[in-house]
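Each chain is listed here by its residues.
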Amino acid sequence: MPNMDQIQVTVTFPGISDLNEFKRLLEPAFDLAGDEPGTVQYDGFFSQDGTEAVFRETYVDSDAVLAHLQNVGHLLGPLGEAGGGVELEIFGNPSADLEAALSNMSPKIHPFHRGK
């Protein structure tokens, strides 16, 4: 049975102009996320040409996403600038608090329907 509280997040940086600089700015996020107890998955991928980054993240619940945002939120501005913006997709049923915290990023939310 699927975990109805679990939140999956896809974060895309669609226009990286300097991959080395982007990776330099990114490293602290991985260090911080590694110690978060509610973070199940925090994986980063780059396009073959190095101009796009996609992050697949999974959290036990909305509170874990909020805790993650407290830890790494200060990095999103510089990463967004270096990455050509930030596109955010949420998969699951985020709490009202999480939706409010992310509202300025205009996330695309995909409520959970059914799963295995």
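Here, every reference points to the structure presented above.
Each residue is numbered by its place in its chain's sequence as written, counting from 1. Given that this is a predicted model, residues contribute local features only at a pLDDT of at least 70 and side-chain atom pairs are listed and counted only at 80 or more, while totals for whole chains, interfaces and linings are drawn from all residues. With hydrogens and water set aside, each side-chain value is computed from the structure's full complement of heavy atoms.

A.B. asks: Talk me through the overall build of the chain; I want residue IDs and the actual numbers.
C.D. replies: A run of DSSP states H or I qualifies as a helix once it reaches four residues; a run of E qualifies as a strand once it reaches two. Both are numbered from the N-terminal end. A tally of regular secondary structure across the chain gives three helices and five strands. For the chain, the succession of helices and strands along the chain, N to C, is β-α-β-β-α-β-α-β. For 116 residues, the compact-globule estimate of 2.2 N^0.38 gives 13 Å, and the chain sits close to it at 14 Å. With a 1.4 Å probe rolled over the protein chains alone, any residue whose accessible area is under 20% of its type maximum counts as buried; one over 50% counts as exposed, and the rest are partly exposed. Of all 116 residues assigned to the chain, the portion counted as buried reaches 34%. The contact criterion used is simple: two residues touch if any of their non-hydrogen atoms lie within 4.5 Å. Within the chain, counting contacts between residues at least 6 apart in sequence, those at least 24 apart form 67% of the total. Here, Shrake-Rupley sampling with a 1.4 Å probe gives the accessible areas, and only protein chains in the shown set may cover a residue. Total accessible area on the chain is roughly 6800 Å²; 49% of this is exposed by carbon and sulfur atoms. Distance between charge centroids for the chain: 10 Å, based on 6 positive and 18 negative side chains. With C-alpha atoms as the basis for the radius of gyration, the globule rule is written as 2.2 Å multiplied by the number of residues raised to the power 0.38. Charge counting follows a simple rule: Lys and Arg are positive, Asp and Glu are negative, and His as well as the terminal groups are ignored. For the purpose of locating charges, the reference atoms are NZ of Lys, CZ of Arg, CG of Asp and CD of Glu.

A.B. asks: Help me get a handle on the pairing of strand β3 (residues 53-59), residues and values and all.
C.D. replies: Counting buried residues in β3 gives five out of seven residues, a clear majority hidden from the surface. Sheet analysis places strand β1 (residues 7-13) next to β3, joined by seven bridges and oriented antiparallel. Note on β3: the bridge partner recorded for valine 9 is glutamate 57. Between any two strands, at least two bridges found by DSSP are needed for them to pair. Here strand β2 (residues 39-46) runs beside β3; their pairing, made up of seven bridges, is antiparallel. Directly across from aspartate 43, in β3, lies its bridge partner arginine 56.

A.B. asks: Let's hear about the side chain of threonine 12: which residues, and what values?
C.D. replies: Tracing the backbone through its elements, the reader meets threonine 12 in strand β1. Taking the relative accessible area as the measure of exposure, threonine 12 reaches 11% and is therefore buried. Among residues more than four places away in sequence, those in contact with threonine 12 are Glu52, Ala53, Val54, Gly85, Val86 and Glu87.

A.B. asks: Outline the nonpolar core, supporting the account with residue identities and numerical values.
C.D. replies: Considering soluble globular proteins, one finds that nonpolar side chains tend to be buried as a cluster. By convention a nonpolar core is built from buried Ala, Val, Leu, Ile, Met, Phe, Trp, Tyr and Cys residues, the set being connected through side-chain atoms within 4.5 Å. Within the largest apolar cluster, 24 residues are counted, with the highest numbers of intra-cluster contacts made by Val9, Phe13, Phe22, Phe55 and Leu79. Among the secondary structure elements, those contributing two or more residues to this core are β1, α1 (19-33), β3, α2 (62-82), β4 (87-91) and α3 (96-102). Looking at this core, the element that brings in the most residues is α2, giving six residues. With residues near it in sequence (within four places) discarded, phenylalanine 13 still touches Phe22, Thr51, Glu52, Ala53, Phe55, Leu76, Leu79, Gly80, Gly83, Gly85 and Val86.

A.B. asks: I'd like to hear about α1, residue by residue, with values.
C.D. replies: At 3.6 residues per turn, the α-helix brings residues three or four places apart onto the same side. Taking 1.5 Å per residue as the helical rise, α1 with its 15 residues ought to reach 21 Å, and the 21 Å between its terminal C-alpha atoms agrees with that figure. The angle separating two fitted axes, one through the seven residues that finish at a residue and one through the seven that start at it, defines the bend at that residue. The principal kink in α1, of about 30°, is found at leucine 26, preceding the proline proline 28 by one to four residues. Packed against the buried residues of α1 are β1, β2, β3 and α2. Each helix should span, by expectation, one fewer than its residue count multiplied by 1.5 Å.

A.B. asks: Could you give an account of the environment of glutamine 41, with specific residues and numbers?
C.D. replies: Positionally, glutamine 41 belongs in strand β2. The exposure class of glutamine 41 is partly exposed, given its relative accessible area of 23%. With ten residues separating them along the chain, glutamine 41 and threonine 51 place their C-alpha atoms 23 Å apart. Excluding its chain neighbours within four sequence positions, the residues that come into contact with glutamine 41 are Arg56, Glu57 and Thr58.

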